[in-house]
Amino acid sequence: MEEAAVTDTASPKLDARIPDGPIQDRWDNHKFDVNLVNPANKRKYEIIVVGTGLAGASAAATFGELGYNVKAFTYHDSARRAHSIAAQGGINAAKNYPNDGDSIYRLFYDTVKGGDFRARESNVYRLAQVSNAIIDQTTAQGVPFAREYGGLLDNRSFGGAQVSRTFYARGQTGQQLLLGAYHALSRQVAAGTVELHTRSEMLDVVVKDGRAVGIVVRDLVTGEVASHSAHAVVLATGGYSNVFFLSTNAMACNATAVWRAHRKGALFANPCFTQIHPTCIPASDEFQSKLTLMSESLRNDGRIWVPLDPDDRRPANDIPEDERDYYLERQYPAFGNLVPRDVASRAAMRIIDQGGGVGPLRNGVYLDFASAIERLGKNTIEERYGNLFEMYERITDEDPYEVPMRIYPAPHYTMGGLWVDYNLMTTVPGLYAVGEANFSDHGANRLGASALMQGLADGYFVLPATIGDYLSDWLNTEPVSTEDDVFVDAVAAVNERTEQFLAIGGTRSVDHFHRELGKIMIENCGLARSREGLEKAISEIKALRAEFWSDLRVLGTAENLNQSLERAGRVADFLELAELMCLDALDREESCGGHFRVEHQTEDGEARRDDENFSHVSAWEWIDVDTPQELHREPLTFEYVPPSQRSYK
């Protein structure tokens, strides 16, 4: 197999622009050092924001409030349908309302450790600093966070922490936060500073003289392809877990925006860092097309177990306490059921692989609330998780107040994404990536309740303070005209690609290829990876991609609503991204966080990092579909949280 080319670590492509000085002062000093755009000049600039989830909506709303002219794009019929609504459990912040020892530094420490020492310290510390302002901002917007008896906002625990720092709105925190951001966005739409384009999918980034100058979009209803120009482009399009086909992501979630940016020069960082969430409703058959996540917050009061005897097929409630294995409490007594997601998922999968799973397909473990109901009362559990319990019962026809839930590990979040510097700009000047679309804050594993924190931090507080550093260089210049050759060529390329899909005329549906890709990925680049499996996957993906371009069948035309055509473009990009994920996983000869190479584990099955050789960010540069991508490395240094073997025991 061809090897990827590796560049010198001093490559200017990876200038992270990390500020000097004590870590607690870096963000404040950086905000003072960057160039600014004064209020009167902001209205002279155009900014495009792609995606209207928490990161995109908050960024667009804040830009509009500051006075910039903004165009926001979403492929949904409403900005409120962004997948951020599915983040149910909560949002982290270091307020320390419970007075249990939390602080900005502890949140920083837990996040660096939880990411298995594969994230930049400076970015993570900034995230912890900004977290408290997010709570103030969203509370002022009217987000109905739960409150405790004294009137302060309530907190609960999440995996990877021994303090309670997670603010929540029952089991619908993401939905409520998105409504807050949507209201802020709608205010700017009404004020005329934001122009909102719904049912518009970005199909390419337009680059001129090395910088991003606009995008090409397709109207998903009429099929019209149009281009839009701006001084800067912001991608807030989420993650790529649907590369696995079955995932907790909404079925429309895709990687096209970031992948088209990658093909235009934006380096892609750590693509193999994907997260398997331990608390998903098990698949019921092999033809299922979507998985449903149950919030990690349930692990606060639910206890995870399996029968001690793998062959015990009795109903769960008939199995006595002394015949149950509460394996997380046994293996990780210090954290118990609240170990980080990667640890909990591997522990569950080991049991399932050994034949100890529960349920009709023996592909799950129990999440039991009997003890919590007995201790706290059913009313308290209903107040905390009632909507989640209702959702579970609707899907499974089992009442979790009466019988344990069944859960299993499933693809969920992606820590990899477009490489960005401290200002959140990619390697293409003028092109930014925020939220899950970038790689910056979580390392090799995201702690629960940190996705909402990062998305809102990037959108409300970080990017609005840093984007002026780039824009100031373009004062009193007009955006590149959409009549320019770069736009004309980009539109032509998008139309040509569309015609390619329609002209193949094969026999297989898009979903066939997506499902086959998912099987390859989950088997070989899922919870556990090996050299043999990854090399096999790369070979199979190349063969599947060749079959896709020769035997795909897309019905209909490009001039109207055509969901098969939409999915064809997304799956074509997934087929290329999947190969890079496997290549990255093959190159990273260590286990860390969500990346578990079976060749690199301790005697008791825990991840074994190789800090000497792999304490870096792997950033990949697109060359050509048939040419190995070029690998650039950004070294990671740890001044404040020295790398150590993660232990939650």
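On a predicted model such as this, the values are computed, not experimentally measured, just so you know.

What counts, and where the lines are drawn
- Residues numbered from 1 in each chain as written.
- Predicted model: local features only at pLDDT ≥ 70, side-chain atom pairs only at ≥ 80, totals over all residues.
- Heavy atoms only, no water.
- Helix = DSSP H or I, 4+ residues; strand = E, 2+ residues; numbered from the N terminus.
- Rg over C-alpha atoms; globule rule 2.2 N^0.38 Å.
- Buried < 20%, exposed > 50% of the residue type's maximum accessible area, 1.4 Å probe, protein only.
- Contact = heavy atoms within 4.5 Å.
- Areas by Shrake-Rupley, 256 points an atom, 1.4 Å probe, with all protein chains shown as cover.
- Lys, Arg positive; Asp, Glu negative; His and termini not counted.
- Charge placed at Lys NZ, Arg CZ, Asp CG, Glu CD.
- Salt bridge = Lys/Arg side-chain N within 4 Å of Asp/Glu carboxyl O.
- Pairing = 2+ DSSP bridges.
- Axes fitted to C-alpha atoms, helices over the stretch in contact; angles between N-to-C directions.
- Polar contact = N/O pair within 3.5 Å; in protein donor to acceptor, adjacent residues only side chain to side chain.
- Core = buried A, V, L, I, M, F, W, Y, C linked by side-chain atoms within 4.5 Å.
- Domains from an automatic or database assignment.
- Buried area = accessible area lost by both parts, 1.4 Å probe.
- Phe/Tyr/Trp six-rings, centres within 6.5 Å; stacked < 30°, edge-to-face > 60°.
- Lys NZ or Arg CZ within 6 Å of the ring centre and 35° of its normal.
- Expected span 1.5 Å × (residues − 1).
- Disulfide = S-S within 2.5 Å.
- Parallel < 35°, antiparallel > 145°, perpendicular 65-115°, else oblique.
- Nonpolar A, V, L, I, M, F, W, Y, C, P; charged D, E, K, R; others polar.

Caption draft 1: A look at the overall build of the chain. In terms of regular secondary structure, the chain is built from 17 helices and 20 strands. Taken against the 2.2 N^0.38 rule, which gives 26 Å for 649 residues, the C-alpha radius of gyration of the chain at 24 Å falls within 12% of a compact globule. Principal axes of the C-alpha set define a box for the chain whose edges measure 75 × 60 × 50 Å. Counting every position in the chain, which comprises 649 residues, the buried fraction comes to 60%. If you take every contact in the chain between residues at least 6 apart in sequence, the share linking residues at least 24 apart comes to 74%. Surface accessibility of the chain: about 24,200 Å² in total, with carbon and sulfur atoms responsible for 47%. In the chain, 64 positive and 93 negative side-chain charges are present, and the distance between their average locations comes to 3 Å.

Caption draft 2: Quick look at the pattern of salt bridges. Within the structure shown, the criterion is met by 48 salt bridges. The partner of Arg346 in a salt bridge is Asp342, and the shortest N-O contact between them spans 3.5 Å. Remark: Asp342 and Arg346 occur in helix α9 (residues 341-353); sequence separation between them is four residues, near one turn of the helix. Residues participating in the shared-partner salt-bridge network are Asp116, Arg118, Asp342, Arg346, Arg588, Glu590, Arg609, Asp611 and Arg646.

Caption draft 3: Structural context of the sheet that holds strand β8 (residues 211-219). Spatial strand order, β7-β8-β9: three strands in an open sheet with antiparallel pairing. With partners counted over all chains shown, the strands left at the sheet margins are β7 (200-208) and β9 (225-229), one partner each. When the angles between neighbouring strand axes are averaged without regard to direction, this sheet yields 25°. Sheet topology places β7 next to β8; eight bridges connect them, and they run antiparallel.

Caption draft 4: Just the side chain of Glu296, in detail. For Glu296, the location among the structural elements is in the loop between β12 (274-280) and β13 (303-307). Given a relative accessible area of 2%, Glu296 falls into the buried group. At 2.7 Å, the side chain of Glu296 and the backbone nitrogen of Gly159 are in polar contact. When near neighbours in sequence (up to four residues on either side) are disregarded, Glu296 contacts Phe158, Gly159, His277, Thr279, Arg341 and Gly448.

Caption draft 5: Summary view of the nonpolar core. Counting residues in hydrophobic clusters, the biggest one holds 139 residues, and the most contacted among them are Phe63, Ile91 and Ile467. A per-element tally of this core places helix α16 (residues 563-587) first, with 14 residues. Non-local contacts of Ile91, meaning those with residues more than four positions away in its chain, are made with Ile134, Ile135, Phe145, Arg165, Thr166, Phe167, Thr173, Leu177, Ala449, Leu452, Met453 and Leu456. With 29 residues, the next largest nonpolar core counts Tyr327, Ile351, Tyr385 and Tyr648 among its residues.

Caption draft 6: Quick look at the environment of Pro635. Its location among the elements puts Pro635 in strand β20 (residues 630-635). You can call Pro635 partly exposed: its relative accessible area is 49%.

Caption draft 7: Representation of the domain arrangement of the chain. Taken domain by domain, the chain holds domain 1 (278-411) and domain 2 (485-613). Approximately 750 Å² of surface area, both sides summed, lies buried where domain 1 meets domain 2, with 51% of it carried by carbon and sulfur atoms. Across the domain 1-domain 2 interface, the total number found is zero salt bridges. At the surface where domain 1 touches domain 2, the tally comes to five residue pairs in polar contact (both at pLDDT 80 or more).

Caption draft 8: Local environment of the packing of aromatic side chains. In the structure shown here, the tally under the stated rule is 25 aromatic pairs. Between Tyr385 and Phe389, the aromatic rings sit 6.4 Å apart at their centres with planes inclined by 10°, giving stacked as the arrangement. In this pair, Tyr385 and Phe389 both sit in helix α11 (residues 378-396), four residues apart, roughly one turn of the helix. The buried category is assigned to Tyr385, whose relative accessible area is 1%. Taking relative accessible area as the criterion, Phe389 reaches 1% and is therefore assigned buried. A connected cluster of aromatic rings, assembled from ring pairs, spans Tyr240, Trp259, Phe268 and Trp622. Taking the ring centre of Trp27 as reference, the NZ or CZ of Arg126 above it sits at 4.8 Å. Over the ring of Tyr168 we find Arg156; its NZ or CZ atom is 3.8 Å from the centre of that ring.

Caption draft 9: Spatial organisation of helix α6 (residues 173-191). Look at α6: 27 Å from first C-alpha to last across 19 residues, which is about the 27 Å you get at 1.5 Å a residue. Of all the positions in α6, only Thr173, Gly174, Gln176, Leu177, Leu178, Gly180, Ala181, Ala184, Leu185 and Gln188 are classed as buried. The elements touched by buried residues of α6 are α3 (54-66), β4 (91-92), α5 (121-140), β5 (166-167), β6 (194-197) and α12 (451-471). Directly after α6, the chain includes Gly192, whose backbone phi takes a positive value near 90°.

Caption draft 10: Representation of the state of the cysteines in the model. Across all of its chains, the model carries zero disulfides by this definition. Of the cysteine sulfurs around Cys525, a residue in no disulfide, the closest is that of Cys582, at 4.2 Å. A disulfide-free cysteine, Cys592 has its sulfur positioned 6.8 Å from the sulfur of Cys272, the nearest such atom. Overall, the relative accessible area of 0% leaves Cys592 in the buried class.

Caption draft 11: Expanded view of the environment of Phe63. The residue Phe63 is located in helix α3 in this model. When its relative accessible area of 0% is taken as the criterion, Phe63 is described as buried. The spatial distance from the C-alpha of Phe63 to the C-alpha of Asp318 is 58 Å, given a sequence separation of 255 residues. For Phe63, the residues in contact, after removing those within four places along its chain, are Ile47, Val49, Tyr68, Val70, Val234, Leu463, Pro464 and Ile467.

Caption draft 12: Representation of the packing of α6 against α12 in the model. Two numbers describe how α6 lies on α12: the axes approach to 11 Å, and their chain directions differ by 10°. As summarised for this structure, α6 and α12 are arranged roughly parallel, according to the angle between their axes. Only Leu452, Leu456 and Tyr460 of α12 make contact with α6, whose side of the interface consists of Thr173, Gly174, Leu177, Gly180 and Ala181. For the contact of α6 with α12, the per-class residue count stands at five nonpolar, three polar and no charged.

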